[in-house]
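# Descriptive structure summary
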Amino acid sequence: MKWIPVLSKRIIFIYVILIFLLYIIYVLNTCLVDESQLKGKYLLIKRHISKYKSATVRLASFLGIDLHSRITYPNGESVKKLPDALIIGVKKCGTRALLEFLRIHPDVRAAGSEVHFFDKFYHKGFEWYRDKMPSTTEGQITMEKTPSYWVTRSAPKRVYAMNPSVKLLAVVRDPVTRAISDYTQSASKRPSLPRFEDLALVNSTVGWGGVRWSVVDASWGPVRLGVYARPLRRWLRRFPRGRLLLINGERLVSEPAKEMARVQDFLGLKRVITEKHFYFNSTKGFPCLLKPDSKSTPHCLGKTKGRSHPHIDPVAIERLRDFYRPFNERFYQLSGINFGWP
Ligand SMILES: Nc1ncnc2c1ncn2[C@@H]1O[C@H](COP(=O)(O)OS(=O)(=O)O)[C@@H](OP(=O)(O)O)[C@H]1O
């Protein structure tokens, strides 16, 4: 809708919304004529109001009007605004690395910790959420990362209600490595946790000789989360494909500068984060950050990122690979990207 001038868009928007509002008032009015039926009409009224809300959001999105994050900056001051971009997932795929890399950019300001607004604290309202954001000056974008949004069923609808033009980012990696990483995190908190193999695979006895076959336990969280196709379909029901950037978690480790160039382009940022911001720390086995123009020392992500993983039985790995293969294929089709996971 770029061909419609901004002012006309706003006039169309206000005009249509007013007509719809008058229609709702008319419906409410007819309901109120007969008071004896008022109780029965309550649901109808509720339905109309919710239709009005969603029509407002859809129309704004169609016209490219941002309802929530339109902010005026008084005399160059900084203000808090709702996020322009969200890192929505996926857990244990490199979401912290992505956020920390992005924070080098002078035009990015991000909430430090995970806010969990769209999954846990939605009832607190958008003002509560806005208050959790850092202040930005004009031209800076506000970001937040909470990986559980990826799998929260209501999140796409809620994010859309906040801002239909929001930019979404999700990091994905080989689901088998992701599952092991997820398990390693849980085992670091609960050393008594059974072996990965015993949780990821269930043994079923088959045939005369009582041969034991291991079947993947698809209901176990760390396994289930690697089926990326399902949540992707849910997000794509609300948002156009171009509004979601899928970041290759493996490449974020092997070629961080290249992957960050894609991210900056997607966010409409100048390519400030480049090769010179990274060095490979061989002790950690991951890229760490350098701030070339400042005196700050190079730094890696904390100890909870880049843990060493336990040795996993290759048979279990093979079973998991077989299990994920069709889901990965579906994910490649839906996303239009072949990640080439083994
Ligand atoms: N630069 C850099 N440094 C350290 N770690 C890195 C980096 N890039 C990606 N990774 C991988 O990120 C994995 C953790 O993913 P997340 O940050 O998404 O985890 S979380 O969901 O927020 O808990 C983490 O998983 P583990 O290796 O299991 O710790 C890393 O493999």
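All values reported here derive from a predicted model rather than from experimental measurement. (Residues numbered from 1 in each chain as written. Predicted model: local features only at pLDDT ≥ 70, side-chain atom pairs only at ≥ 80, totals over all residues. Heavy atoms only, no water.)

### With respect to the confidence of the model for the chain
- The share of residues in the chain with pLDDT of 70 or more is 84%, and the mean pLDDT across the chain is 88.
- In the predicted complex, the global pTM is 0.82; the interface-specific ipTM is 0.99. (pLDDT = per-residue confidence, 0-100.)

### Some remarks on the state of the cysteines
- This model, assessed by the stated rule, comprises 1 disulfide.
- The side chain of C288 participates in a disulfide bridge whose partner is C300; the two sulfur atoms lie 2.0 Å from each other. Since a negative S-S torsion denotes a left-handed disulfide, the C288-C300 link at about 100° is right-handed. Placement of C288 in strand 11 (residues 286-289) and of C300 in the loop between strand 11 and helix 12 (314-335) is noted, with a sequence separation of 12 residues between them.
- The thiol of C93 is unpaired, and the distance to the nearest cysteine sulfur, on C288, comes to 19 Å.
- For C93, a relative accessible area of 4% translates into the label buried. (Disulfide = S-S within 2.5 Å. Helix = DSSP H or I, 4+ residues; strand = E, 2+ residues; numbered from the N terminus. Buried < 20%, exposed > 50% of the residue type's maximum accessible area, 1.4 Å probe, protein only.)

### Here we look at the pairing of strand 2 (residues 85-89)
- Most of strand 2 is tucked away: 5 of the 5 residues are buried.
- One ladder, built from 3 bridges, connects strand 2 with strand 5 (residues 141-145); its direction is parallel. Counterpart to I87 in the pairing with strand 5 is K145.
- One ladder, built from 4 bridges, connects strand 2 with strand 6 (residues 167-172); its direction is parallel. Note on strand 6: the bridge partner recorded for A85 is K167. (Pairing = 2+ DSSP bridges.)

### Concerning the site of the ligand
- Around the ligand sit 24 residues, and of these T95, K145, S181, G306 and H309 come closest.
- A distance of 3.0 Å is found between an oxygen atom of the ligand and a backbone nitrogen or oxygen belonging to R96.
- Here K305 contributes a side-chain N or O atom positioned 3.1 Å from an oxygen atom of the ligand.
- With the chains in place, 96% of the 640 Å² that the ligand exposes on its own is no longer accessible.
- Elements supplying a minimum of two residues to the shell around the ligand: helix 3 (95-102), helix 6 (175-189) and strand 11.
- By residue number, the principal contributor to the shell around the ligand is helix 3, which donates 4 residues.
- Taken together, the residues that form the shell around the ligand break down as 9 nonpolar, 7 polar and 8 charged. (Near = heavy atom within 4 Å. Polar contact = N/O pair within 3.5 Å; in protein donor to acceptor, adjacent residues only side chain to side chain. Areas by Shrake-Rupley, 256 points an atom, 1.4 Å probe, with all protein chains shown as cover. Nonpolar A, V, L, I, M, F, W, Y, C, P; charged D, E, K, R; others polar.)

### Remarks on unusual backbone geometry
- A cis geometry characterises the amide bond from G89 onward to V90, with omega recorded as 0°.
- Within the fold, V90 resides in the loop between strand 2 and helix 3.
- If you check the backbone angles, H116 has positive phi at about 55° while not being a glycine.
- Within the secondary structure, H116 is located in the loop between strand 3 (108-110) and helix 4 (126-131).
- Owing to a relative accessible area of 16%, H116 belongs among the buried residues under this scheme.

### As for the environment of N281
- Within the fold, N281 resides in strand 10 (residues 278-281).
- Taking the C-alpha atoms as reference, N281 lies 25 Å from L246; in sequence the two are 35 residues apart.
- Every residue in contact with N281, bar those within four places of it in the chain, is listed here: F286, C288 and C300.
- Engagement of the side chain of N281 in a polar contact is seen with the backbone nitrogen of T283, the distance being 3.0 Å.
- In this structure the side chain of N281 is engaged in a polar contact, spanning 3.0 Å, whose partner is the backbone nitrogen of K284. (Contact = heavy atoms within 4.5 Å.)

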